[in-house]
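# A structural walkthrough
One-letter residues, chain by chain:
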Amino acid sequence: MDYNTSRERLVMPEYGRNIQQMVDYALTIEDRDERTQCVATIANVMLNCFPQLKNDANYTQKVWDHIAMMSGFRLDVDSPYPLPQRQEATTATQTHIPYPMTRIKFRSYGILVQNMLLSAVNADTEEDRMATAALTALFMKRILLQNGKDSNIEERVANDIAELTDGQLRYSFDELMDALPDERQQRHWDRPNYQQNGRTRRFHFGQNRQGGKQQGNYRNNKGKKRY
């Protein structure tokens, strides 16, 4: 059997072996006009098979450049665009994209939280420093809640902030929440789940904040037939 591993290596695997075979066939055509027409047909087939190419600027020229690369730069046709040479294509593909090597202390928070705390440390006033740290603390708490860690979240957030800033921001979680604007404080303390005496209070349907039954529209559907 003819396996792909025993075949010749594809220059551009994203187009598949059929397109590569079309380009190889075009190289065997001796007549220049017929060869040019064949390559133009291959370019149209590539655009029809891969319509996402049309999202790029100058996509037609890009397809012709890819055909030239797939032919090993041996394509001799009347191209509507100047075909790239081997040296130009090699230089373009060797461009190295640098990878950021920033050290992240807590990968669960990511580099964003680390940068936010750094801006809090470099704030001009104590008020700005507290406000930035408080907004970051809310974001950190949300991340921990999404990860399912419910025990002593607020204490852990305060400790992580101190460690991420090398001790430059040492505040309790309540101190940070007091530094929030008034509307954000109201939203934080009026949530269904909030910390009280070190424990998380959870409110369920049919209960008010004092733990009693909710008055008004509360109905007991127990025993009723459901459809």
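Preceding this section is the structure that the text describes.
Description of the structure in this document. (Residues numbered from 1 in each chain as written. Predicted model: local features only at pLDDT ≥ 70, side-chain atom pairs only at ≥ 80, totals over all residues. Heavy atoms only, no water.)

Under the defined criterion, the tally for this structure stands at seven salt bridges. Note that Asp-78 and Arg-32 form a salt bridge whose closest N and O atoms lie 2.8 Å from each other. Taken together, the residues span a long stretch of sequence, with Asp-78 in the loop between helix H3 (59-70) and helix H4 (86-93) and Arg-32 in helix H2 (residues 32-49) at a distance of 46 residues. On the basis of relative accessibility, which here comes to 41%, the residue Asp-78 falls in the partly exposed class. Arg-129 is the partner of Glu-126 in a salt bridge, and the nearest nitrogen-oxygen pair spans 2.5 Å. In this pair, Glu-126 and Arg-129 both sit in helix H6 (residues 126-146), three residues apart, roughly one turn of the helix. With a relative accessible area of 42%, Glu-126 lands in the partly exposed category. Relative accessible area serves as the criterion here: at 17%, Arg-129 is assigned to the buried category. What you see here is one network of salt bridges that share partners, running through Arg-32, Asp-76 and Asp-78. (Salt bridge = Lys/Arg side-chain N within 4 Å of Asp/Glu carboxyl O. Helix = DSSP H or I, 4+ residues; strand = E, 2+ residues; numbered from the N terminus. Buried < 20%, exposed > 50% of the residue type's maximum accessible area, 1.4 Å probe, protein only.)

It is worth spelling out the side chain of Gln-20 at this point. Following the sequence through the fold, Gln-20 ends up in helix H1 (residues 16-27). On the basis of relative accessibility, which here comes to 9%, the residue Gln-20 falls in the buried class.

We now examine the packing of H2 against H3. One way to put it is that H2 packs onto H3 with a least axis distance of 10 Å and a crossing angle of 115°. The interaxial crossing formed by H2 with H3 has right-handed handedness. Contact residues: H2 offers Thr-36, Val-39, Ala-40, Ile-42, Ala-43, Met-46 and Leu-47, while H3 offers Tyr-59, Val-63, Trp-64, His-66 and Ile-67. Here the residues of the contact of H2 with H3 are counted per class, giving 10 nonpolar, two polar and no charged. (Axes fitted to C-alpha atoms, helices over the stretch in contact; angles between N-to-C directions. Left-handed = near helix turned anticlockwise from the far one by under 90°. Contact = heavy atoms within 4.5 Å. Nonpolar A, V, L, I, M, F, W, Y, C, P; charged D, E, K, R; others polar.)

Further remarks concern the packing of H6 against helix H7 (residues 153-164). Relative to each other, H6 and H7 sit at 125°, their axes nearing to 10 Å. With respect to H7, the element H6 is oriented oblique. Seen along the crossing, H6 lies across H7 with a hand that is right-handed. Touching Ala-133, Ala-137, Met-140, Lys-141, Leu-144 and Leu-145 of H6 are Ile-153, Glu-154, Arg-156, Val-157, Asp-160, Ile-161 and Leu-164, all from H7. Along the lines of polarity and charge, the residues of the contact of H6 with H7 split into nine nonpolar, no polar and four charged. (Parallel < 35°, antiparallel > 145°, perpendicular 65-115°, else oblique.)

Our next topic: helix H5 (residues 110-121). Under the 1.5 Å per step criterion, the end-to-end length of H5 is 18 Å for 12 residues, consistent within 8% with the ideal 16 Å. Against H6 and H7 lie the buried residues of H5. (Expected span 1.5 Å × (residues − 1).)

Glancing now at the packing of aromatic side chains. Scanning the model with the defined rule gives two aromatic pairs in all. Here Phe-106 and Tyr-109 contribute two aromatic rings whose centre-to-centre distance is 5.9 Å and whose plane-to-plane angle is 70°, an arrangement assigned as edge-to-face. For Tyr-109, a relative accessible area of 6% gives the class buried. (Phe/Tyr/Trp six-rings, centres within 6.5 Å; stacked < 30°, edge-to-face > 60°.)

Here the focus is a negative patch on the surface. Together, Glu-30, Asp-31, Asp-33 and Glu-34 make up a negatively charged patch on the protein surface. For Asp-31, the location among the structural elements is in the loop between H1 and H2. (Patch = residues over 30% accessible without salt bridge, like charges linked within 9 Å, V, L, I, M, F, W, Y side chains within 5 Å. Areas by Shrake-Rupley, 256 points an atom, 1.4 Å probe, with all protein chains shown as cover. Lys, Arg positive; Asp, Glu negative; His and termini not counted. Charge placed at Lys NZ, Arg CZ, Asp CG, Glu CD.)

Let us look at the nonpolar core. Tyr-109, Val-157, Ile-161, Leu-169 and Leu-176 are the most contacted members of the largest nonpolar core, which totals 23 residues. Among the secondary structure elements, those contributing two or more residues to this core are H5, H6, H7 and helix H8 (173-178). Broken down by element, this core gets its largest block of residues, seven residues, from H6. Once you skip the residues sitting within four places of it in the chain, Val-157 turns out to touch Ala-137, Met-140, Lys-141, Leu-144 and Phe-173. Core analysis: the next-biggest nonpolar cluster, separate from the first, contains 22 residues, Tyr-15, Ala-43, Leu-53 and Ile-67 among them. (Core = buried A, V, L, I, M, F, W, Y, C linked by side-chain atoms within 4.5 Å.)

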